[in-house]
Amino acid sequence: MHHSMTGFASLQGAEGAHSWTWDLRSVNAKGLDLRLRVPDWLPGLEAALKSRLAKAVTRGNVTLNLRVTREETAGTLTLNPGVLDQVMAALVAVEERAMMQGISLAPSRAADLLSMRGVLEAGATEDDNEALVTAITNDFDALLQAFVAMRAQEGSALVSLLRGHLDQIETLLGQAGEVLKQRREAMGATLQTQLQRVLDADVSIEDHRIAQELALIAVKADVTEELDRLTAHITAARGLLKGTGPAGRKLDFLAQEFNREANTLCSKSQHAELTAIGLELKAVIEQMREQVQNLE
């Protein structure tokens, strides 16, 4: 199965007090370019995700965004014995001084002591980052599966379009072959007329020189080799589309070869209908090449 280099997938997950949002997308590129934006306070996460991505895709500019948030909780209250002892010692000192001056103080209550700053502290909840990394990494598999499935779906559509273009090219080559028969007769008549004009002009030209020029004209006008090479390219391209694994680079090279042969065909045609076929070939090949450049 062939894959497109264009793909997108998103997913949400949660573990304990943490929740996260994934965003994975890719566009075409000459090679594989992985760009990950993940929290740096989760040790080993980026390396693990990059390794899994590299095994799943071979080409494309791939961007992964991960946003992790934590639900804030009130936590638990804990008693600070040290601060409590200090408060109680200060309370005893105050009461003794008050008695020495004949002042009577109201009895102290436990609630009064607990309200003193530092006596009660909010207990901090420690996060298990290692367990969180494991949960996030496992959740990434579902995201990656959806991402690869989309690239496969896009790749299947591209393959169908490319096969259609190859069929068009094959049809145009058949038309070119039929036109060649007409052109051959027309060029033969034209050459005979031009040669007769030269002979009638009583210009002294050696017979072997005339033969050389005629042979050179015939070679320059012969497009059989170009048509044969285009036919061979069609066979090679269909073979790549039938195969498995990445084929984008090879097909892109073939598309360049298709275009080169079509250009030569147009330059050598010397026939309006054959030139029109060559231009139509170039248009189809250009469409094919644009689509090939999105194939992994």
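Rules of the game
- Residues numbered from 1 in each chain as written.
- Predicted model: local features only at pLDDT ≥ 70, side-chain atom pairs only at ≥ 80, totals over all residues.
- Heavy atoms only, no water.
- Helix = DSSP H or I, 4+ residues; strand = E, 2+ residues; numbered from the N terminus.
- Buried < 20%, exposed > 50% of the residue type's maximum accessible area, 1.4 Å probe, protein only.
- Contact = heavy atoms within 4.5 Å.
- Areas by Shrake-Rupley, 256 points an atom, 1.4 Å probe, with all protein chains shown as cover.
- Pairing = 2+ DSSP bridges.
- Right-handed = clockwise from strand over helix to strand, strands pointing away.
- Patch = residues over 30% accessible without salt bridge, like charges linked within 9 Å, V, L, I, M, F, W, Y side chains within 5 Å.
- Salt bridge = Lys/Arg side-chain N within 4 Å of Asp/Glu carboxyl O.
- Axes fitted to C-alpha atoms, helices over the stretch in contact; angles between N-to-C directions.
- Parallel < 35°, antiparallel > 145°, perpendicular 65-115°, else oblique.
- Left-handed = near helix turned anticlockwise from the far one by under 90°.
- Nonpolar A, V, L, I, M, F, W, Y, C, P; charged D, E, K, R; others polar.
- Expected span 1.5 Å × (residues − 1).
- Arc of directions from axis to C-beta.
- Core = buried A, V, L, I, M, F, W, Y, C linked by side-chain atoms within 4.5 Å.

Trainee: Where do I start with the overall build of the chain in this structure?
Mentor: Counting secondary structure elements, the chain contains 8 helices and 6 strands. Starting at the N terminus and walking to the C terminus, you meet the elements of the chain as β-β-β-α-β-β-α-α-β-α-α-α-α-α. Relative to its full complement of 296 residues, the chain shows a buried share of 33%. Considering only contacts in the chain between residues 6 or more positions apart, those separated by 24 or more positions represent 81%. Total accessible area on the chain is roughly 18000 Å²; 53% of this is exposed by carbon and sulfur atoms.

Trainee: Just to check I follow, could you spell out the pairing of strand β3 (residues 32-37) for this structure?
Mentor: Successive residues of a regular strand alternate their side chains across the two faces of the sheet. Pairing of β3 with strand β4 (residues 60-70), which is carried by 6 bridges, proceeds in the parallel orientation. The partner of Leu32 across the bridge, within β4, is Gly60. Between the parallel pair β3 and β4, the chain is carried across by helix α1 (residues 45-56), and the sense of this crossover is left-handed.

Trainee: Would you take a moment to explain a nonpolar patch on the surface for this structure?
Mentor: Where nonpolar side chains cluster on the molecular surface, the patch consists of Leu79, Leu114 and Leu120 and spans about 240 Å² of accessible area. With respect to the helices, strands and loops of the structure, Leu120 is situated in strand β6 (residues 120-123). Here Leu120 falls in the partly exposed class, since its relative accessible area comes to 35%.

Trainee: Looking at this structure, how should I read the packing of helix α6 (residues 224-242) against helix α7 (residues 248-268)?
Mentor: Geometry of a packed helix pair, given as the angle between the helix axes and the separation of the axes. Interhelical geometry of α6 versus α7 gives an angle of 160° and a closest axis separation of 10 Å. Our classification of the angle between α6 and α7 gives roughly antiparallel. Taken as a pair, α6 and α7 cross one another with a handedness that is left-handed. Of the residues in α7, those touching α6 at Glu226, Leu227, Arg229, Leu230, His233, Ile234, Ala236, Ala237, Leu240 and Leu241 are Lys250, Leu251, Leu254, Glu257, Phe258, Glu261, Thr264, Leu265 and Lys268. Its residues assigned to classes, the contact of α6 with α7 comprises 11 nonpolar, 2 polar and 6 charged.

Trainee: Can you walk me through the environment of Asp228 in this structure?
Mentor: With respect to the element layout, Asp228 can be found in helix α6. A relative accessible area of 49% places Asp228 in the partly exposed class. Along the primary structure Asp228 and Glu261 are separated by 33 residues, whereas in three dimensions their C-alpha atoms are 9.7 Å apart.

Trainee: Explain helix α8 (residues 272-292) here, please?
Mentor: Residues three or four positions apart in an α-helix share a direction because the helix packs 3.6 residues into each turn. Under the 1.5 Å per step criterion, the end-to-end length of α8 is 30 Å for 21 residues, consistent within 8% with the ideal 30 Å. Taken together, the buried positions of α8 are occupied by Leu274, Ile277, Gly278, Leu281, Val284, Ile285, Met288, Gln291 and Val292. Looking down the long axis of α8, one finds its buried residues gathered within 135° of arc, a one-sided arrangement.

Trainee: When you look at α7 in this model, what are you seeing that I'm missing?
Mentor: Helix length check: α7 (21 residues) gives 30 Å between terminal C-alpha atoms against 30 Å at 1.5 Å per residue, within 8%. Phi turns positive, to about 50°, at Gln270, one or two residues after α7.

Trainee: Hey, could you run me through the sheet that holds strand β1 (residues 7-15) in this one?
Mentor: The strands that make up a sheet are held in pairs by hydrogen bonds between backbone atoms, and each pair lies either parallel or antiparallel. One open sheet holds the 4 strands; their spatial order is β1-β2-β4-β3, and the pairing between them is mixed. For this open sheet the edge positions go to β1 and β3, each flanked by a neighbour on one side alone. Adjacent strand axes in the sheet meet at a mean angle of 10° when their direction is disregarded. Pairing of strand β2 (residues 18-27) with β4 involves 10 bridges; the strand directions are antiparallel. Residue pairing across strands places Trp22 opposite Leu66, the latter belonging to β4. On the sheet, α1 packs against β2, β3 and β4 and is oriented at approximately 150° with respect to β3.

Trainee: What exactly am I supposed to notice about the packing of α7 against α8 here?
Mentor: Direction vectors running N to C along α7 and α8 enclose 165°, while the axes themselves pass 9 Å from each other. Taken together, the axes of α7 and α8 are roughly antiparallel relative to one another. As for how α7 packs across α8, the hand of that crossing is left-handed. Taking contact as the criterion, the partners of Gly248, Leu251, Asp252, Ala255, Gln256, Phe258, Asn259, Ala262, Asn263, Leu265 and Cys266 in α7 are, on α8, Leu274, Thr275, Gly278, Leu279, Leu281, Lys282, Ile285, Met288, Arg289 and Val292.

Trainee: Would you mind showing me how to read the nonpolar core here?
Mentor: Generally speaking, a soluble globular protein has its nonpolar side chains buried in company with each other. By size, the foremost hydrophobic cluster in this structure holds 31 residues, and its most contacted members are Ile169, Leu173, Leu251, Phe258, Leu274, Leu281 and Met288. If you list the elements that add at least two residues to this core, you get α4 (129-200), α6, α7 and α8. When residues in this core are grouped by element, the largest group, 10 residues, is from α4. Excluding its chain neighbours within four sequence positions, the residues that come into contact with Leu173 are Leu227, Leu230, Thr231, Ile234 and Leu281. Within the second largest apolar cluster, 24 residues are counted, among which are Trp20, Leu66, Ile136 and Phe147.

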